[in-house]
Amino acid sequence: MAWRSQSCKRPSYPTAIWSMTYHLVYADATAKELLRAAYQVRQRAYAPYSNFKVGAAFRAKENSREIFTGCNVENAAFTPTSCAERTAITKAVSEGYRQFSSGAVVAYKPDVFISPCGVCRQFIREFAGSTDIPIYIAQANDAQSQQEQQEEPFNSDDPILCTSIFNLLPHSFHTY
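Residues numbered from 1 in each chain as written. Predicted model: local features only at pLDDT ≥ 70, side-chain atom pairs only at ≥ 80, totals over all residues. Heavy atoms only, no water.

A. Spotlight on the state of the cysteines. Tallied over the entire structure, the rule returns 0 disulfides. Note on C117: no disulfide assigned, nearest cysteine sulfur contributed by C120 at a separation of 3.7 Å. (Disulfide = S-S within 2.5 Å.)

Shown next as structure tokens:
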């Protein structure tokens, strides 16, 4: 019976970053840069079926200057649709990067933050290892003109959700 108590021991999980909501004015330069990059790439989303555009950006850990972006690309068969987060990370992996220091997701739905879907959460978690990755989530401001969006896509009082992959996917599947 001793083996049962050993196999049922609660595994230790890495410490997660706290989740909090604050205004863009309080965000650091990294968060702002990632959110702007995610916003810009969101404009290129191919979403003819849902009209729901999403942009994502991830900063590579190996080179803190390198940001990889992705947008959602829909398909009539739905299953082959690629989410923005997976597109960004796949681009990074194809360029030789496999660790990330932070990420951002931008979409729009009134009064709600749009976080990564379950598949994307597991995909991000795959590259987190034992280190949590902060994820900044903001709403796109679709009411702005194209000119305003190019200059500054967010207002200083826009809310930002700062969470992390360990908060979004607690007790996740991993092989280590």
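B. Just the UniProt feature "binding site: Zn(2+)" (unreviewed entry) in the chain, in detail. Using the residue numbers shown here, the UniProt feature "binding site: Zn(2+)" (unreviewed entry) corresponds to C83, C117 and C120. Spanning 38 residues, the annotated positions come together in the fold, the maximum distance between their C-alpha atoms being 8.4 Å. Mapping C117 onto the fold places it in the loop between β4 (100-107) and α4 (118-126). On the accessibility criterion, C117 (32% relative accessible area) is partly exposed. (UniProt positions renumbered as here; feature names shortened; annotations may be inferred. Helix = DSSP H or I, 4+ residues; strand = E, 2+ residues; numbered from the N terminus. Buried < 20%, exposed > 50% of the residue type's maximum accessible area, 1.4 Å probe, protein only.)

C. Representation of the environment of A60 within the structure. Topologically, A60 is positioned in strand β2 (residues 55-60). Distance from A60 to G103, taken between C-alpha atoms, is 9.2 Å for residues 43 residues apart in sequence. Those residues in contact with A60 that lie beyond four places of it in its chain are E66, F68, Y97, Q99, F100 and S101. (Contact = heavy atoms within 4.5 Å.)

D. Spatial organisation of the packing of helix α3 (residues 84-94) against α4. Contact geometry of α3 with α4 gives a least axis separation of 9 Å together with a crossing angle of 25 degrees. Of the possible angle classes, the one that applies to α3 and α4 is roughly parallel. As for how α3 packs across α4, the hand of that crossing is left-handed. Contacts between α3 and α4 involve E85, R86, I89 and T90 on the former and, on the latter, V119, C120, F123 and I124. Here the residues of the contact of α3 with α4 are counted per class, giving 5 nonpolar, 1 polar and 2 charged. (Axes fitted to C-alpha atoms, helices over the stretch in contact; angles between N-to-C directions. Parallel < 35°, antiparallel > 145°, perpendicular 65-115°, else oblique. Left-handed = near helix turned anticlockwise from the far one by under 90°. Nonpolar A, V, L, I, M, F, W, Y, C, P; charged D, E, K, R; others polar.)

E. Quick look at the nonpolar core. Counting residues in each nonpolar core, the largest one holds 24 residues, and the members touching the most others are F58, I89, F100, I124, I133, I135 and I165. Mapped onto this core, the elements with two or more residues apiece are β2, α3, β4, β5 (134-139) and α6 (165-168). The dominant element in this core, judged by the number of residues it contributes, is α3, at 4 residues. Excluding anything up to four places from it in sequence, I89 contacts F58, F100, F123, I124 and F127. Ranked by size, the runner-up nonpolar core spans 18 residues in total, among them A38, A57, Y136 and F154. (Core = buried A, V, L, I, M, F, W, Y, C linked by side-chain atoms within 4.5 Å.)

F. Expanded view of the confidence of the model for the chain. Averaged over the chain, the pLDDT score is 86; the fraction of residues at 70 or greater is 84%. Element-level mean pLDDT values for the chain span from 41 in helix α1 (residues 2-7) up to 98 in strand β3 (residues 67-71). (pLDDT = per-residue confidence, 0-100.)

G. Representation of unusual backbone geometry. Even without being a glycine, N51 presents a positive backbone phi close to 55 degrees. Mapped onto the fold, N51 is located in the loop between α2 (29-42) and β2. Residues other than glycine seldom take positive phi values, yet F78 does so here, at roughly 65 degrees. The topology assignment puts F78 in the loop between β3 and α3.

H. Representation of the pattern of salt bridges. As enumerated under the stated definition, the model contains 1 salt bridge in all. Measuring nitrogen to oxygen at the nearest pair gives 2.4 Å for the salt bridge that ties R59 to E33. Linking R59 in strand β2 with E33 in helix α2, this pair joins segments that are 26 residues apart in sequence. In this structure E33 comes out as partly exposed when scored by relative accessible area, which is 37%. (Salt bridge = Lys/Arg side-chain N within 4 Å of Asp/Glu carboxyl O.)

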